[in-house]
Amino acid sequence: SFLAASSVLAHVGATSLAAHQVLIQLWLFLSLVLDSVAVAGQVLVSRALGAGNRAAAVEGATRMIGWSALAGLGFGIVMLALSPILPLAFTADPAVLDRVHAAWPVFALMQPLNGAAFALDGILIGAGDSRFLMGAMLVSSLVAVPLALLAVAAGLGILGVWLALLALIVVRLLTTGRRFLQRRWVVTGGLAGA
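Rules used in this analysis
- Residues numbered from 1 in each chain as written.
- Predicted model: local features only at pLDDT ≥ 70, side-chain atom pairs only at ≥ 80, totals over all residues.
- Heavy atoms only, no water.
- Helix = DSSP H or I, 4+ residues; strand = E, 2+ residues; numbered from the N terminus.
- Rg over C-alpha atoms; globule rule 2.2 N^0.38 Å.
- Buried < 20%, exposed > 50% of the residue type's maximum accessible area, 1.4 Å probe, protein only.
- Contact = heavy atoms within 4.5 Å.
- Lys, Arg positive; Asp, Glu negative; His and termini not counted.
- Charge placed at Lys NZ, Arg CZ, Asp CG, Glu CD.
- Salt bridge = Lys/Arg side-chain N within 4 Å of Asp/Glu carboxyl O.
- Axes fitted to C-alpha atoms, helices over the stretch in contact; angles between N-to-C directions.
- Nonpolar A, V, L, I, M, F, W, Y, C, P; charged D, E, K, R; others polar.
- Patch = residues over 30% accessible without salt bridge, like charges linked within 9 Å, V, L, I, M, F, W, Y side chains within 5 Å.
- Areas by Shrake-Rupley, 256 points an atom, 1.4 Å probe, with all protein chains shown as cover.
- Expected span 1.5 Å × (residues − 1).
- pLDDT = per-residue confidence, 0-100.

Let's shift gears to the overall build of the protein chain. Per the secondary structure count, the protein chain includes six helices and zero strands. Reading the protein chain from its N terminus to its C terminus gives the helix and strand order α-α-α-α-α-α. Its C-alpha atoms give the protein chain a radius of gyration of 18 Å, near enough to 16 Å, the size a compact globule of 194 residues would have. For the C-alpha atoms alone, the extent of the protein chain along its principal axes is close to 55 × 30 × 20 Å. Expressed as a percentage of the 194 residues in the protein chain, the buried residues total 44%. Put simply, of all contacts in the protein chain between residues at least 6 apart along the chain, 80% involve residues at least 24 apart. The distance from the centre of the 10 positive side-chain charges to the centre of the 6 negative ones in the protein chain is 15 Å.

Here it is, written out as structure tokens:
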């Protein structure tokens, strides 16, 4: 999905591609920070399920989702507040800055969703539900990539591509969130996807 986003923006032009690189580098940095909560969720869930304590696994996982979404909300608020200043650390080119600002609100507003989605990834990994995660990510990509292509064909440029990336996260959140609520991952003594 991210390769497709970069590829289609390369066809739009160097300015949009440069703006995308500013946004994607910040997105990746924030994702790694948010993913640290997912790693904690992974450990808590695997420990609880390994000990046969389903209630602790669900309780810890629910807490991880909340904390991660809250951290993402904090990052989103900070990114919105820093929108006039932070992009200047990457470029002074007015045309690139214009394209960065076109997609910045989508980038910032993705952060709470990223937090919840990454926490759910960690929880399901901790539960041994990797097969499900593979399918969920494939479905998410099958939604996002065509949307990115359509966005560029429709002339929406970088904003359309970042809306497609938002769709990637929303579909990830919906698929993994549904799996979480169904509790099929709460399996002791074996793998959830088995």
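Using the criterion set out here, one finds four salt bridges in the structure. With its nearest N and O atoms 3.1 Å apart, the salt bridge here joins Arg63 to Glu59. With a gap of four residues between them, Arg63 and Glu59 both fall in helix 3 (residues 54–81), about one helical turn apart. Asp121 is the partner of Arg172 in a salt bridge, and the nearest nitrogen-oxygen pair spans 2.0 Å.

Quick look at the packing of helix 4 (residues 94–126) against helix 5 (residues 130–153) now. Two elements in contact, helix 4 and helix 5, have axes whose closest approach is 8 Å; the angle formed by their N-to-C orientations is 145°. Of the residues in helix 5, those in contact with Asp121, Leu124 and Ile125 of helix 4 are Ser130, Phe132 and Leu133. Of the residues assigned to the contact of helix 4 with helix 5, the class counts are four nonpolar, one polar and one charged.

Now for a nonpolar patch on the surface. Taken together, Trp67, Leu70, Leu73 and Ile77 make up a surface patch of nonpolar side chains, about 430 Å² in accessible area. Mapped onto the secondary structure, Leu70 falls in helix 3.

Along an α-helix, a turn takes 3.6 residues, which lines up residues three or four apart on a common side. In this model, helix 2 (residues 14–50) (37 residues) spans 51 Å end to end at C-alpha, consistent with the 54 Å of a helix rising 1.5 Å per residue. At the C-terminal side of helix 2, Gly52 shows a positive phi close to 80°.

The subject of this paragraph is unusual backbone geometry. Even without glycine at this site, Arg183 takes up a positive phi of about 65°. Among the secondary structure elements, Arg183 is positioned in the segment after helix 6 (157–182).

In the predicted model, the protein chain carries a mean pLDDT of 92, and 97% of its residues have values of at least 70. By mean pLDDT, helix 1 (residues 2–12) is the weakest element of the protein chain at 87, and helix 6 is the strongest at 96.

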